[in-house]
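Residue-level listing of the chains:
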Amino acid sequence: MRFSLNSETSGTKKENAAILDELEMITEEKFSNCFQCAKCSAGCPASEYMDLYPHQVILMAKLGLFERIFESKSIWICTCCFACGSRCPQDLDPARIMEGFRLIALRKTESRPEVYPFKGEIPRQAYVAHYRKNFK
């Protein structure tokens, strides 16, 4: 596990509820259905470069730890290749959730970190999607 979970919380209940509402409106995903099987993370071709695995991002969202998610590079590294969604037994699409967090982060800060951690081969679709999402 790459992060430790403590009693840290972020934002007020009102702020967290607003983020949840915005995220569900953007993604149309009910990530509360996730039961943390981690199949999304196991199938993600970019997970080795992430500081939070996709299932961990969903867990942190369920716990209201949004600032940790927004500080994470994982939402920028996700290539939206949809390998995660194809493996989810709950029919969730973690790529859409990552995309939703990226959109909210851009609305909050209007800047994006320059992240290109890939070394070696990744699926072509993931490579193209990463460039589409991370470079202007």
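One structure accompanies this document, and this report is about it. For clarity, every value in this text was computed on a predicted model and none was experimentally measured.

## Here's the deal with the overall build of the protein chain
Helix and strand content of the protein chain: eight helices and zero strands. Along the chain direction, N to C, the helices and strands of the protein chain fall in the order α-α-α-α-α-α-α-α. For the protein chain, buried positions account for 44% of its 136 residues. In the protein chain, once contacts between residues fewer than 6 apart in sequence are set aside, the share between residues at least 24 apart is 71%.

## Focus on the side chain of Ser74
Inspection of the secondary structure assignment puts Ser74 in helix 5 (residues 74–77). Polar side-chain contacts of Ser74 include one of 2.7 Å to the backbone oxygen of Leu52. Discounting chain neighbours no more than four positions away, the residues touching Ser74 are Met50, Asp51, Leu52 and Met98.

## A look at the environment of Cys88
When you line up the elements, Cys88 lands in the loop between helix 6 (83–87) and helix 7 (94–109). Overall, Cys88 belongs to the buried group, its relative accessible area being 15%. Sequence spacing of Cys88 and Lys39 is 49 residues, and the spatial spacing of their C-alpha atoms is 6.3 Å.

## Focus on the nonpolar core
With 32 residues, the main nonpolar core has Met50, Phe66, Ile69, Phe70, Ile75 and Phe101 as its most contacted residues. Mapped onto this core, the elements with two or more residues apiece are helix 1 (13–27), helix 3 (54–63), helix 4 (66–71), helix 5 and helix 7. With six residues, helix 7 is the largest single contributor of residues to this core. With residues up to four places along the chain from it excluded, the contact list for Ile75 reads Ile69, Phe70, Met98, Phe101, Arg102 and Ala105.

## Brief notes about helix 3
Most of helix 3 sits inside the fold, with seven of its 10 residues counted as buried. The set of residues buried in helix 3 consists of Pro54, His55, Gln56, Val57, Ile58, Met60 and Ala61. The elements touched by buried residues of helix 3 are helix 1, helix 2 (39–43), helix 4 and helix 7. Of the residues flanking the end of helix 3, it is Gly64, one or two places downstream, whose phi is positive at about 80°.

Rules behind the numbers
- Residues numbered from 1 in each chain as written.
- Predicted model: local features only at pLDDT ≥ 70, side-chain atom pairs only at ≥ 80, totals over all residues.
- Heavy atoms only, no water.
- Helix = DSSP H or I, 4+ residues; strand = E, 2+ residues; numbered from the N terminus.
- Buried < 20%, exposed > 50% of the residue type's maximum accessible area, 1.4 Å probe, protein only.
- Contact = heavy atoms within 4.5 Å.
- Polar contact = N/O pair within 3.5 Å; in protein donor to acceptor, adjacent residues only side chain to side chain.
- Core = buried A, V, L, I, M, F, W, Y, C linked by side-chain atoms within 4.5 Å.

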